[in-house]
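Fold and contact review
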Amino acid sequence: MRTREIISPGNTAVKEAVRLRRKRNRYEQHLFHAEGEDLLAAALAGGYMPRQVFVLEGNVSTTMETIRDAAGGPDASEPDVEVCICSQPVMEKLSELGSGSRVIAVFDFIDRQLAAETAGPLIYLAGVGDPGNAGTIIRSASALGGCGVAFSPDAVDPYSFKCQRAAMGAVFRMPIHLDVTSNEMIAYATSRGLAIVSSDPHHGLAVWDSSVEESRLLAGDFLLVLGSERKGVPQKLMEVSCLRLRIPQLPEAESLNVAMAGTVILYEALRQRQGRQH
């Protein structure tokens, strides 16, 4: 590891890191940053080593020890990470939390190609634009047996600050697939024999209705399509879905947001899979 001290918020390295707040700059450089010790720990646990780490002075030794341990301990080769020892004003400049952070790490993009095989539900976010909802879905997929989350070209950026905070480190555990079109998603599911299941809050089958044969598809591998709250699942994807699901709720209540609906469906799928195993 290489270290250097940064005192001024006007430092070039600080300016470059701040630029990563904008999606265009992230995608030009294929870099993003994760804020907080919890997200750094999640990345290291997932096998992802940062390129650069900004650390508040006074927390350097602990952070460097954490990185070394993740790289294999004292006997392993030194990880190629730049550690920037920063003053409080610098960390406040870098932070998007408002109160400042002790650690902010810069990573290469970790999006992947769709896998040749799936194990569990693959989630497709078709036009989901809210970063909090998208991050929650990634977190739920990680907790409830999902095998990946794919984003349509018009969906939110999973590397945005709000999405990462909602995902709570799950972006480092759950395979992320960027810019997957509806046609590509349909072709992928068809070629692998995956059932296409869509969320339909108005006309779908109640998610708990196991008396219907199609609902048992949740016990296997399938593609779960979730749309934006305003537009819903695109018509093209709805037409090729072999199962549409809704979350039963009280008539006077507003419909659940897409993150909650997706989480309930993923939970029911996990319940069915585990029930089949027993």
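We now turn to the structure provided with this report. (Residues numbered from 1 in each chain as written. Predicted model: local features only at pLDDT ≥ 70, side-chain atom pairs only at ≥ 80, totals over all residues. Heavy atoms only, no water.)

**What about the pattern of salt bridges?**
Following the criterion strictly, the structure yields 10 salt bridges and no others. Arginine 26 serves as the salt-bridge partner of aspartate 157, at 2.6 Å between the closest nitrogen and oxygen. With aspartate 157 in the loop between β7 (148-151) and α7 (161-167) and arginine 26 in helix α2 (residues 23-29), this pair connects stretches of sequence that are 131 residues apart. Across the pair, arginine 26 and aspartate 157 agree in class, each one buried. (Salt bridge = Lys/Arg side-chain N within 4 Å of Asp/Glu carboxyl O. Helix = DSSP H or I, 4+ residues; strand = E, 2+ residues; numbered from the N terminus. Buried < 20%, exposed > 50% of the residue type's maximum accessible area, 1.4 Å probe, protein only.)

**Re the layout of surface pockets**
Taken as a whole, the largest pocket encloses approximately 520 Å³ of empty space. Ser199, Pro201, His202, Ser255 and Leu256 are, among the 22 residues lining the largest pocket, the residues nearest its centre. Sorting the residues of the lining of the largest pocket by element identifies β11 (222-227) and α10 (258-277) as the ones contributing at least two each. Its residues placed into classes, the lining of the largest pocket shows 9 nonpolar, 8 polar and 5 charged. (1 Å grid on protein atoms, 1.4 Å probe; cavity = no way out; pocket = protein on both sides within 12 Å on 5 of 7 lines; lining within 4 Å. Points joined across faces, edges and corners; volume = space filled by probe spheres on them. Nonpolar A, V, L, I, M, F, W, Y, C, P; charged D, E, K, R; others polar.)

**Describing the nonpolar core**
The biggest cluster of nonpolar side chains holds 60 residues, and the ones touching the most others in it are Phe107, Ile123, Leu125, Ile138, Val149, Phe151 and Phe172. Once residues lying within four places of it in the same chain are set aside, the contact partners of valine 149 are Leu122, Ile123, Leu125, Ile138, Ala141, Met174, Pro175, Ile176 and His177. (Core = buried A, V, L, I, M, F, W, Y, C linked by side-chain atoms within 4.5 Å. Contact = heavy atoms within 4.5 Å.)

**Thoughts on the packing of aromatic side chains**
Here the structure, examined in full by the defined rule, presents 8 aromatic pairs. Here tyrosine 48 and phenylalanine 172 contribute two aromatic rings whose centre-to-centre distance is 6.0 Å and whose plane-to-plane angle is 45°, an arrangement assigned as tilted. With tyrosine 48 in the loop between α3 (37-45) and β3 (52-56) and phenylalanine 172 in the loop between α7 and β8 (176-177), this pair connects stretches of sequence that are 124 residues apart. Like tyrosine 48, the residue phenylalanine 172 is buried in the burial classification. A ring pair is formed by phenylalanine 107 and phenylalanine 172, whose centres lie 5.1 Å apart and whose planes are at 55°; its orientation type is tilted. Placement of phenylalanine 107 in strand β5 (residues 103-108) and of phenylalanine 172 in the loop between α7 and β8 is noted, with a sequence separation of 65 residues between them. Here phenylalanine 172 falls in the buried class, since its relative accessible area comes to 2%. Among the aromatic residues, those joined into a ring-pair cluster are Tyr27, Phe32, Tyr48, Phe107, Phe109, Tyr159 and Phe172. Lying over the aromatic face of tyrosine 27, lysine 23 brings its terminal NZ or CZ to 5.6 Å of the ring centre. (Phe/Tyr/Trp six-rings, centres within 6.5 Å; stacked < 30°, edge-to-face > 60°. Lys NZ or Arg CZ within 6 Å of the ring centre and 35° of its normal.)

**A look at the sheet that holds strand β4 (residues 82-86)**
The strand order across the open sheet built from 5 strands is β1-β4-β3-β5-β2, with neighbouring strands paired in mixed fashion. With one partner strand each, in any of the chains shown, β1 (2-6) and β2 (31-35) form the two edges of the open sheet. Averaged over all adjacent pairs, the angle separating strand axes in this sheet is 20°, with direction ignored. Pairing analysis gives 5 bridges linking β3 to β4, with the strands arranged parallel. The residue of β4 that forms the bridge with glutamine 52 is glutamate 82. Contacting β2 and β5, α3 crosses the sheet at an angle of about 35° to β5. Against the sheet, helix α4 (residues 60-71) touches β1, β3, β4 and β5, its axis set at about 150° to β3. (Pairing = 2+ DSSP bridges. Axes fitted to C-alpha atoms, helices over the stretch in contact; angles between N-to-C directions.)

**Some thoughts on the environment of histidine 177**
Position of histidine 177 among the secondary structure elements: in strand β8. Classification of histidine 177 by relative accessible area gives buried; the value is 4%. Distance from histidine 177 to alanine 167, taken between C-alpha atoms, is 15 Å for residues 10 residues apart in sequence. If near-sequence neighbours (up to four positions away) are discounted, histidine 177 is found in contact with Arg112, Gln113, Leu114, Leu122, Gly148, Val149, Ala150 and Phe151.

**Quick look at a nonpolar patch on the surface**
Together, Leu256, Met260 and Val264 line one region of the surface with nonpolar side chains, adding up to about 220 Å² of accessible area. Topologically, leucine 256 is positioned in the loop between β12 (243-246) and α10. Taking the relative accessible area as the measure of exposure, leucine 256 reaches 39% and is therefore partly exposed. (Patch = residues over 30% accessible without salt bridge, like charges linked within 9 Å, V, L, I, M, F, W, Y side chains within 5 Å. Areas by Shrake-Rupley, 256 points an atom, 1.4 Å probe, with all protein chains shown as cover.)

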